[in-house]
Amino acid sequence: WYYDYKLTQPVSFPLVLSDNLTLYAKWLINDVVYLANDDETGYILDKYNGTATIFDIPAEYNGKPVTAIGSEAFSGCADLTSITIENNVTAIGSYAFYNCKNLTSVKIGNNVRNIGENAFAECYNLTSVAIGNNVKNIGERAFYAGIKNVYITDISAWCNIDFGEDNSNPLWGNPTNLYLNGELV
């Protein structure tokens, strides 16, 4: 239990109350830790501790949208092979999927706007990434891994992405195929 929604001020027990008090808890549900976001209107998937090979980021948790994937949330998950990020998610944190050695495919929903640095770096088996239409920023080395196929559905949106560095672009330095609406470009 914590005094603040960011879970930085733990409660000491026994707790003596003299007035109404709101406390916050960190719940581990199916190997996933969720934290309330800054305005408490949704949740951040903060940490995954499971062994699933296929994982779909849920659209909701506890009746509120899952709006972000936290930094290092899935980092080093050796069993993970496929991830689908639902449309409620707007941000993927730095190092979120770093060094997921067996990750082969990623589908990024249409509302993701920011992909943090090194988010998918060192995922050397990553062969297929579908990137949603609303990505605005991709951080340095976000896809530094040797991706074979990148799938998009809007060339204008693709051309307007702010790639923080050359190596932020999943097409950089790799013999990568770019598909627009399923057709090789």
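It should be noted that the structure appears before, not after, this text.
Residues numbered from 1 in each chain as written. Predicted model: local features only at pLDDT ≥ 70, side-chain atom pairs only at ≥ 80, totals over all residues. Heavy atoms only, no water.

Draft legend 1. Up close: the side chain of Ser-82. Note on placement: Ser-82 falls in strand β7 (residues 82-85). For Ser-82, a relative accessible area of 17% corresponds to the buried category. Beyond its immediate chain neighbours, meaning those up to four positions away, Ser-82 contacts Thr-53, Ile-54, Phe-55, Leu-103 and Ser-105. (Helix = DSSP H or I, 4+ residues; strand = E, 2+ residues; numbered from the N terminus. Buried < 20%, exposed > 50% of the residue type's maximum accessible area, 1.4 Å probe, protein only. Contact = heavy atoms within 4.5 Å.)

Draft legend 2. Local environment of the pairing of strand β15 (residues 177-180). Two elements, strand β13 (residues 149-152) and β15, share four bridges in a ladder whose sense is parallel. Bridge pairing links Asn-149 to Asn-177 in β15. Counted between consecutive antiparallel strands, the loop separating β15 from strand β16 (residues 183-184) contains two residues, among which Asn-181 sits at a positive phi close to 50°. (Pairing = 2+ DSSP bridges.)

Draft legend 3. Looking closely at the environment of Leu-23. Checked against the element boundaries, Leu-23 lands in the segment before β1 (27-29). With a relative accessible area of 25%, Leu-23 lands in the partly exposed category. When the C-alpha positions of Leu-23 and Leu-45 are compared, they lie 19 Å apart, and in sequence the two are 22 residues distant. The residues contacting Leu-23, other than those within four sequence positions of it, are Trp-1, Tyr-2, Tyr-3, Val-11 and Leu-15.

Draft legend 4. Main features of unusual backbone geometry. Note the cis peptide between Phe-13 and Pro-14, where omega equals 5°. Mapped onto the elements of the fold, Pro-14 is located in the segment before β1. The backbone of Glu-72 sits at a positive phi, close to 65°, despite the residue not being glycine. In this structure, Glu-72 sits in the loop between β6 (64-69) and β7. Glu-72 sits in the partly exposed class, given a relative accessible area of 46%. Phi angles above zero are rare outside glycine, and Glu-122 is one such case at about 65°. Mapped onto the elements, Glu-122 comes out in the loop between β10 (114-115) and β11 (128-130).

Draft legend 5. Seen up close, a negative patch on the surface. A surface patch of like charges, here negative, comprises Glu-117, Glu-140, Glu-165 and Asp-166. By secondary structure assignment, the location of Glu-140 is in the loop between β12 (137-138) and β13. (Patch = residues over 30% accessible without salt bridge, like charges linked within 9 Å, V, L, I, M, F, W, Y side chains within 5 Å. Areas by Shrake-Rupley, 256 points an atom, 1.4 Å probe, with all protein chains shown as cover. Salt bridge = Lys/Arg side-chain N within 4 Å of Asp/Glu carboxyl O. Lys, Arg positive; Asp, Glu negative; His and termini not counted. Charge placed at Lys NZ, Arg CZ, Asp CG, Glu CD.)

So far we have only geometry, and geometry alone does not tell us how the molecule works.
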